[in-house]
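Examination of the molecular architecture
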Amino acid sequence: MTSTKPHKVIYDTDPGVDDAMALYFALAHPAIDMVGITTTFGNVSVEQAATNALYLTTIAGRPGIPVTRGVKTPWVKHPEAPPAFIHGADGLGNLGSRVATHNQVDPRSSAQFIVDTARAHPGEITLVAVGPLGNLSLALKLEPTLPTLLREVIIMGGTVLEPGNVSPVAEANIWNDPHAADSVFTAGWKLTMVGLDVTHRVITELSLFKKIADHHDHLATTTLHQAVEFYSRFYSGLHKHLYKTPGCFAHDLLAFIYLVNSELFTLETGRVRVATDGLAQGQTIMNRRDYINYPQEGWDKEKPHTQVCMAVDAPGCLKVFENTLMSNWLAEN
Ligand code: BDR
Ligand code: CA
């Protein structure tokens, strides 16, 4: 932990099972102050994403956190179908039933909420973005000085050396809106990319979610366990090593673990651009050889750098996750 004051965070998300896992980690962690949740299309439609964010916060006893709806479609490319086979048609592993909740979305768009909050707290807000990046890209258009108003931006998305998860080279969040993503990588904020190079190294086992659910005996953690059961089934079918011991990649969670325990990650810094079209659409390309001085359009020295997570202490991350979720963070049911 780098500071004693909690990090004020806006969570830009498309919940999504691993988004839910990350949300509960953030709500449980004493060094994170969640000031708003901005939703986007991605794992589900933006309407469903906002419904899920409201539901998850309410059942965890935090209905006061503002939730907004954001972009519905990518900036330029044709929208892709939501991956119901990974996250369930409802984004939370097809929950059989939900308890009634009554809180409403904040009427502002996600981009407007980001701009308003950054202006109200200049230099204080960390934006953790774990879905397609259209809300950030739109916020940049509304407020071009946003990179100096935000403290930092941490994204879960992209990959450098690890193969992609939606194409041989592309990671899902970047591929879902490559033009928006490229505008985020070239905006000039303090930016950290937590991509598949590290998220594919950390497996959260289903048994851990059962342990957390049994420990708390609370609707929030049983809901998370149910959702992860569905999500793990997908990953167990895909990867032999997850067949015997069901579990999943906790992609979005690692963006928050980076925020509070950056010492668990090894970083490389370089310019990152996104391939917006063609076979490599959605690929994040990092220039790892800054000495190349050949004039290439798009790679000029004025382009900002991104910190990219290239290696991770997986057992360390799992310990932080378990300790945080097993702590006393939930009010009585
Ligand atoms: C990313 O894509 C989504 O399906 C997950 O929620 C995560 O943000 C992983 O590639
Ligand atoms: Ca996500």
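Provided above is the structure to which this section pertains.
Notes on the structure follow. (Residues numbered from 1 in each chain as written. Chains lettered and ligands numbered in written order. Predicted model: local features only at pLDDT ≥ 70, side-chain atom pairs only at ≥ 80, totals over all residues. Heavy atoms only, no water.)

Considering the nonpolar core
Within the largest apolar cluster, 69 residues are counted, with the highest numbers of intra-cluster contacts made by Y24, F25, F256, F265 and F321. Of all the elements, helix α1 (residues 17–28) adds the most residues to this core, at ten residues. The contacts of F256, once residues within four sequence positions are left out, are V9, Y11, A22, F25, A26, I32, M34 and V128. (Core = buried A, V, L, I, M, F, W, Y, C linked by side-chain atoms within 4.5 Å. Buried < 20%, exposed > 50% of the residue type's maximum accessible area, 1.4 Å probe, protein only. Helix = DSSP H or I, 4+ residues; strand = E, 2+ residues; numbered from the N terminus. Contact = heavy atoms within 4.5 Å.)

As for the site of ligand 1
Around ligand 1 sit D18, D19, N43, H87, V130, M156, N165, E171, A172, N173, H251 and D252, and those are all the residues in its vicinity. Here an oxygen atom of ligand 1 sits 2.7 Å away from a polar atom, N or O, in the side chain of D18. Between H87 and ligand 1, the recorded distance is 3.1 Å, taken from a side-chain N or O atom to an oxygen atom. With the chains in place, 95% of the 280 Å² that ligand 1 exposes on its own is no longer accessible. Looking at the shell around ligand 1, the elements that each hand over two or more residues are α1 and α7 (172–176). Considered class by class, the residues forming the shell around ligand 1 number three nonpolar, five polar and four charged. (Near = heavy atom within 4 Å. Polar contact = N/O pair within 3.5 Å; in protein donor to acceptor, adjacent residues only side chain to side chain. Areas by Shrake-Rupley, 256 points an atom, 1.4 Å probe, with all protein chains shown as cover. Nonpolar A, V, L, I, M, F, W, Y, C, P; charged D, E, K, R; others polar.)

A short note on helix α13 (residues 314–325)
Across its twelve residues, α13 extends 17 Å between first and last C-alpha, which sits within 8% of the 16 Å expected from 1.5 Å per residue. Among the residues making up α13, those that are buried are A314, G316, C317, V320, F321, E322, T324 and L325. Tucked into the core, α13 has its buried residues touching α1, β7 (203–205), α10 (206–216), α12 (253–260), β9 (265–270) and β12 (306–312). (Expected span 1.5 Å × (residues − 1).)

Comments concerning the sheet that holds strand β1 (residues 7–13)
Taking strand neighbours across the sheet as the criterion, the eight strands line up as β3-β2-β1-β4-β5-β6-β12-β9 in an open arrangement whose pairing is mixed. Edge strands, defined here as strands with exactly one partner in the open sheet, are β3 (67–68) and β9. Where β1 meets strand β2 (residues 32–39), seven bridges bridge the pair, whose relative direction is parallel. Note on β2: the bridge partner recorded for Y11 is I37. Lying over the sheet, α1 contacts β1 and β2, oriented at roughly 150° with respect to β2. (Pairing = 2+ DSSP bridges. Axes fitted to C-alpha atoms, helices over the stretch in contact; angles between N-to-C directions.)

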